[in-house]
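# Structural features, examined
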Amino acid sequence: MLAQVTSAAVRGVESYLVQVEVNLAPGLPLFSVVGLPEGAVREGRERVLAAIQNSGYVAPPRRITVNLAPADVRKEGSAFDLPIALGLLCGAGHVAPETLRRIAFVGELGLDGTLRPIRGALPIAERCKAAGLSGMALPAQNATEAACVEGLEIIGAKSLGALCAHLAGDQPIPATRVSPESLMGSSPGVAPDFSDVRGQDRVKRAMEIAAAGGHNLLMIGPPGAGKTMLARRLAGILPPLNLQEALEVTKVHSVAGRIPAGGALVGHRPFRAPHHTISPAGLAGGGSVPRPGEVSLAHHGVLFLDELPEFRRGVLEVLRQPLEDGSVVIARARDTVRFPARFMLVAAMNPCPCGHFGEPGDRCACDPHHVERYRARVSGPLLDRVDLHLPVPALSVRELTSGRSGETNGEIRCRVTRARELQRRRFRESPGVFCNGQMGPREIRTWCRASAVVAGLMQQAIHRLGLSARGYHRILKVARTIADLEESAGVEDRHAAEAIQYRLLDRSPMI
C-alpha cells in the first residue's frame, strides 16, 4: 500500500515542500529511505520504529520503502521523522488517508514518541501558506513561532500518539493562534543606556548619526576609553523593528536554531559581537550544510567587531560582499544558498599595538614600523566601506568623576526614529533602500545634490584627503543624514563639513 504525506525542508532561510511517499510491499522486513537522505534522515528509521512501538502501535513487518521527493535535492535534518511515521501508520490502516491531505507535517521523534522542536518552523509555515495548504502540524514547542504566519491552522502536538488521536477526532488539539503585533517589542532584558556614559560627547553624536542613517562606524582609541561600552549601547537607540523586519530576523534565528522552545518572534534589534578568533565560515556562514553566520544573525541589527586588527585578514575580507549587497551567497557544488545580511558594522581598534599612540607623556613604546604594520591588518577596501571613523580619546579624571548624566536611549531614539521616518518616505520608490546608508549612485544624485558652496568644500576634501569615489559618496550619505536629523530639506555646507570630520583615516596622522 502507498501512503503520501506532505512535509517541508529548509534551504538557506527559505523552505520547499517535500512529498514523503511510503510504500509497504510483501517480502522480508526491510526499511530503506531514498531521495538523497543525509545521515540524520537515514538514522530516523530507528527513531520512527521505536516511537511507533512506544506509542501503542505496531509497525507492519513488511518491506518498507520511503521516497523523499523531489529525489534530486539533498535532504538533511530530523524533521522528516513525523511524516515518515504517519505514512507508515497510514499504510498500516491506523490513520485515515483523508486526514493527511492539505496539511504539512514536520517534527523530530523521540524514542518514546514525544515530538521535539525543529529548526526553521517560521519559513516552513510561510511556504505552506504560499502553497495553498490549509494547515501544518509540528511539535508544540514550535507552534507559537509558526502561528506568526496568519491564515494557516497550526496544530502543536506533544507526541505522536496525541497527534494520531487528533487526526482520528478522538482528542482534538486546539489550533495555536497568536497576534504577531502583540509579540513585537519583546526584549532580552534591560538594555544598557547611553546615560551611563560619561563624556565622549563627540563620539555619541557620531553614533546618533550612524543610527539615524544606518551607517557603518569605526572607533579608534586607547584601551579603557569606552569604545566597547559605547558600541553595546548602539542597538538601544535604533528604531524598533517593524513586523516585516521582525519576521526576517526570526527566520534567520530559527534556521540557526536560536529560537528558544516556546519562543516566537525576535522583537528586538540583534547585537552580535563575535570573538576575533572566529573563522570565515563562522562570520559569513557556511559548513557542509550551510548555516547562517554572525553577519546574518546581525540582520537588521548591529555587528560589533572589537579589536578589529586582531581578526584574521581572510575573515575581515568576507565582510566586503555583505556590506555592499546586504546578503551573503554561499556556493556549493550542488547548491547555492543566500542568507540576508543587512546590518550596521561597528568596529573598534587601538591606534597601535600597545594602544597608547598619540597620548601625552610618550606612553607609546611602538616604533613606526610596528604601528604601520598594525594598521595595515585592516585593508583599505574594507575601511572604504565604513562611513564614519573617529577617535575616542581617553577620559580625563574630571570627566570620569562628573555627576552629569547624558541623554537616555529614549531621547536619542526619538530623534533617530524621526530621521528614519523621513528616509522611509523618501525611498518608498527605491526597492531595497530604506535608509541613507543603503543609497546607491542614483539615490545619491537625486537626494544629495550639492550647492556651489558644498561642491567647493567637497572638492577641497578630495584634494587634501585623497578620497576615493566610494569615500566621496560616503561623506555625502553622512551629510544627508545630518541634514535629516535637523529636518533640513537640502544638504548645506555645515552638514558636509561635519561629515568630513568623521573621516579620520583619510587624514594624517591618525590620532
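Residues numbered from 1 in each chain as written. Predicted model: local features only at pLDDT ≥ 70, side-chain atom pairs only at ≥ 80, totals over all residues. Heavy atoms only, no water.

## Observations regarding the layout of surface pockets
- Here the largest pocket is characterised by a volume of approximately 1,100 Å³.
- Lining of the largest pocket is provided by 42 residues; of these, Arg342, Gly432, Phe434, Cys435 and Gln438 occupy positions nearest its centre.
- Of all the secondary-structure elements, those providing two or more residues to the lining of the largest pocket are helix H8 (243-255), helix H12 (320-325), helix H16 (409-426), helix H17 (441-447) and helix H19 (469-485).
- Classifying every residue of the lining of the largest pocket by side-chain character gives 15 nonpolar, 14 polar and 13 charged. (1 Å grid on protein atoms, 1.4 Å probe; cavity = no way out; pocket = protein on both sides within 12 Å on 5 of 7 lines; lining within 4 Å. Points joined across faces, edges and corners; volume = space filled by probe spheres on them. Helix = DSSP H or I, 4+ residues; strand = E, 2+ residues; numbered from the N terminus. Nonpolar A, V, L, I, M, F, W, Y, C, P; charged D, E, K, R; others polar.)

## As for empty space enclosed by the protein
- A full pass over the atoms with the stated rule returns one cavity of 30 Å³ or more.
- For the largest cavity, the calculated volume is near 30 Å³.
- Contributing elements (two or more residues each) for the lining of the largest cavity: H16 and H19.
- Tallying contributions element by element places H16 first for the lining of the largest cavity, with four residues.

## Re the packing of aromatic side chains
- Counting across every chain of the model gives one aromatic pair.
- Over the ring of Tyr16 we find Arg11; its NZ or CZ atom is 4.5 Å from the centre of that ring.
- Looking at Arg375, its charged tip hangs above the ring of Phe357, at a distance of 4.9 Å from the centre. (Phe/Tyr/Trp six-rings, centres within 6.5 Å; stacked < 30°, edge-to-face > 60°. Lys NZ or Arg CZ within 6 Å of the ring centre and 35° of its normal.)

## Structural notes on the pattern of salt bridges
- In the structure shown here, the tally under the stated rule is 30 salt bridges.
- Residues Glu498 and Arg205 are paired through a salt bridge, measuring 2.9 Å at the closest nitrogen-oxygen approach. Here Glu498 is found in helix H20 (residues 493-501), whereas its partner Arg205 is found in helix H6 (residues 201-213), with 293 residues between them in sequence.
- On the basis of relative accessible area, Arg205 is assigned to the partly exposed category, the value being 26%.
- Its salt-bridge partner being Asp484, residue Arg426 comes within 2.6 Å of it at the nearest N-O pair. Here the residue Arg426 occupies a position in helix H16, and Asp484 occupies one in helix H19, the gap between them amounting to 58 residues.
- The structure contains a network of salt bridges with shared partners spanning Glu324, Asp384, Arg385, Asp387, Arg470, Arg474 and Arg503. (Salt bridge = Lys/Arg side-chain N within 4 Å of Asp/Glu carboxyl O. Buried < 20%, exposed > 50% of the residue type's maximum accessible area, 1.4 Å probe, protein only.)

## Notes on the sheet that holds strand E14 (residues 302-305)
- Within the open sheet, the five strands sit side by side as E11-E14-E17-E10-E18. Their pairing is parallel. Across the chains shown, the open sheet's two edge strands, defined by having one partner strand only, are strand E11 (271-272) and strand E18 (388-391).
- Two elements, strand E10 (residues 217-220) and strand E17 (residues 344-349), share four bridges in a ladder whose sense is parallel. Looking at the pairing, Met219 lines up with Ala348 of E17. (Pairing = 2+ DSSP bridges.)

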